[in-house]
Each structure stands twice: as structure tokens, then as C-alpha cells.
Amino acid sequence: MMATVPSTLPPAPCRLRRHRHGRGRRRPQRGIALPVMLIMLAVMLVSSIYLLKSSTSTTMTAANLAYDSALSKSADAGLHAGFAYLRSVANRSDLLVNQPAQGYVATLTPTWTVSNAAFWLGATTLPANPVTGDQVQYVIHRMCTFAGPYNSNNNRCRTTSARPNSQAPQPFGTSLALGGPKFLQQPQLHYVVTARINGARGANVVTQAVVLKGP
């Protein structure tokens with residue numbers, strides 16, 4: 001039978017881990033999710049407002065272009081009326097003087113533009129459109145300095161050779177040069193027909209056409 005010999009070694013130290021569950025100082029929160037989300041919401045809000053304004057502006061621009069196109073087509077009625085009158089004149093001597101009833105003026109001051117009130121003196125107005133109520137006004141100008149024959153003294157008119165291949169001392173296309181051009185045949189005079197229309201929305205469309213006609 002063996003006897004138990006008591007150990008002479010010191011007991012091993014007992015290591016206990018203590019977890020402190022006290023009310024110690026907490027670290028401050030440093031999350032950045034909330035500021036980032038606020039910035040993203042602000043960017044999305046600004047972008048949506050910009051897209052809304054852009055789409056509205058595009059729609060308005062397209063509508064205005066369509067409205068101007070419709071007015072331009074309506075103003076063409078004045079050009080057709082002026083051309084029809086010049087074509088139907090039987091007595092060429094009627095074009096030597098003004099014809100107020102037809103909106104015809106035998107002269108045109110070179111410095112006048114469509115923005116001058118004097119430019120529209122002698123113009124005539126077509127009947128109003130029964131649907132839209134728009135009215136077209138047109139005037140026909142003979143591009144001469146004075147009334148009367150185009151080849152009279154001191155009268156200067158815009159002229160063009162009747163035919164491109166006609167033989168003349170002045171080549172075709174040089175009739176507007178300085179000096180008195182001479183043609184073997186009677187040249188063609190320039191008549192400018194100007195029409196305008198004032199739309200209901202405040203739009204103002206002006207169109208012009210040049211008609212060549214012999215004296």
C-alpha cells in the first residue's frame with residue numbers, strides 16, 4: 001500500500017478574468033450616413049427641379065416653333081396675292097404709278113426696312129381668317145427711285161437681263177453695277193412683295209419675295 005506524500009509545491013495562482021460592466025465613459029458616435037443621405041437627397045431634389053424646368057422649356061420651344069411655322073404659312077397668302085396681281089396686270093402702264101387698291105407702290109426708298117412705318121404706306125389687308133382671326137397685310141414695291149418709266153432721266157431701277165444667254169454690252173448679273181447698263185432687249189424689273197401677320201400671341205412674321213417682270 002502506497003502512502004500519499006503531501007506536495008511541497010506552492011499552489012498555482014488562479015487567474016480570473018473580470019469583465020467590468022460599469023458605467024464607464026462611452027466613445028462618441030462618429031457615423032456619417034445621415035449627412036451623406038441628406039446631401040444625396042438635396043442633389044436629387046435639385047436635379048429633379050432642373051429636369052422639370054428643362055422639359056417645360058423644351059415643350060414651350062417646340063410649341064413656339066410650330067406656331068411661328070403656322071404664321072409663316074398664313075403670311076404666304078399675302079405673297080401669293082401680290083404675285084397674282086403682278087401676273088394679271090394687262091396694261092403695263094398701270095405699274096408706272098401707285099395703285100393703292102392693290103397695295104402697289106411704284107417706288108422704294110433704299111434706306112427703308114420692314115421696321116419703318118413708311119415702308120407699309122399703301123399696303124392692303126386681306127380678309128381675316130375666320131378660324132383664327134389673323135389678318136395678313138402685304139405691299140408691293142417696284143424697286144425704282146421714282147415713279148414713271150424705268151429708263152427716264154434720274155430714275156434708277158433694279159434690272160436684270162431678260163435671259164441669261166442674251167448678248168448685251170453688259171454681262172448677265174452685272175446690271176446692278178455702277179453706270180448705265182445697256183441691254184439688247186428690254187430688261188426685267190425687280191418687284192418685291194412683302195407680307196406680314198400679327199399673331200394672337202404677339203408674334204410677328206414678315207416674309208418677302210422678289211418677282212421679275214418686264215416693263
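Whatever comes next refers back to the structure up there.
The rules behind the values
Residues numbered from 1 in each chain as written. Predicted model: local features only at pLDDT ≥ 70, side-chain atom pairs only at ≥ 80, totals over all residues. Heavy atoms only, no water. Disulfide = S-S within 2.5 Å. Helix = DSSP H or I, 4+ residues; strand = E, 2+ residues; numbered from the N terminus. Buried < 20%, exposed > 50% of the residue type's maximum accessible area, 1.4 Å probe, protein only. Contact = heavy atoms within 4.5 Å. Core = buried A, V, L, I, M, F, W, Y, C linked by side-chain atoms within 4.5 Å.

(A) A look at the state of the cysteines. For the structure on display, the rule yields one disulfide. Linked covalently through their sulfurs, cysteine 144 and cysteine 157 form a disulfide whose S-S length is 2.0 Å. Between cysteine 144 and cysteine 157, the S-S dihedral sits near 120°, and the bridge is therefore right-handed. You can see cysteine 144 sitting in the loop between strand S3 (136–142) and strand S4 (159–160) and its partner cysteine 157 sitting in the loop between S3 and S4, a full 13 residues away along the chain. The class of cysteine 144 is buried, set by a relative accessible area of 1%. Residue class for cysteine 157 comes out buried when judged on its relative accessible area of 15%.

(B) Here's a closer look at the side chain of glutamine 137. With respect to the element layout, glutamine 137 can be found in strand S3. Residue glutamine 137 is classed as buried on the basis of its relative accessible area of 19%. Not counting residues within four places of it along the chain, the set of residues in contact with glutamine 137 comprises Trp120, Ala123, Thr124, Thr125, Thr194, Ala195 and Arg196.

(C) Layout of the nonpolar core. The biggest cluster of nonpolar side chains holds 22 residues, and the ones touching the most others in it are Tyr85, Leu86, Leu95, Tyr104, Ile140 and Tyr191. Looking at this core, the elements that each hand over two or more residues are helix H1 (33–88), S3, strand S5 (188–198) and strand S6 (204–213). With sequence-adjacent residues up to four places away left out, tyrosine 191 is seen in contact with Leu86, Leu95, Tyr104, His141, Arg142, Ala209, Val210, Val211 and Lys213. Listed in part, the six residues of the second largest apolar core include Val105, Leu108, Trp120 and Val192.

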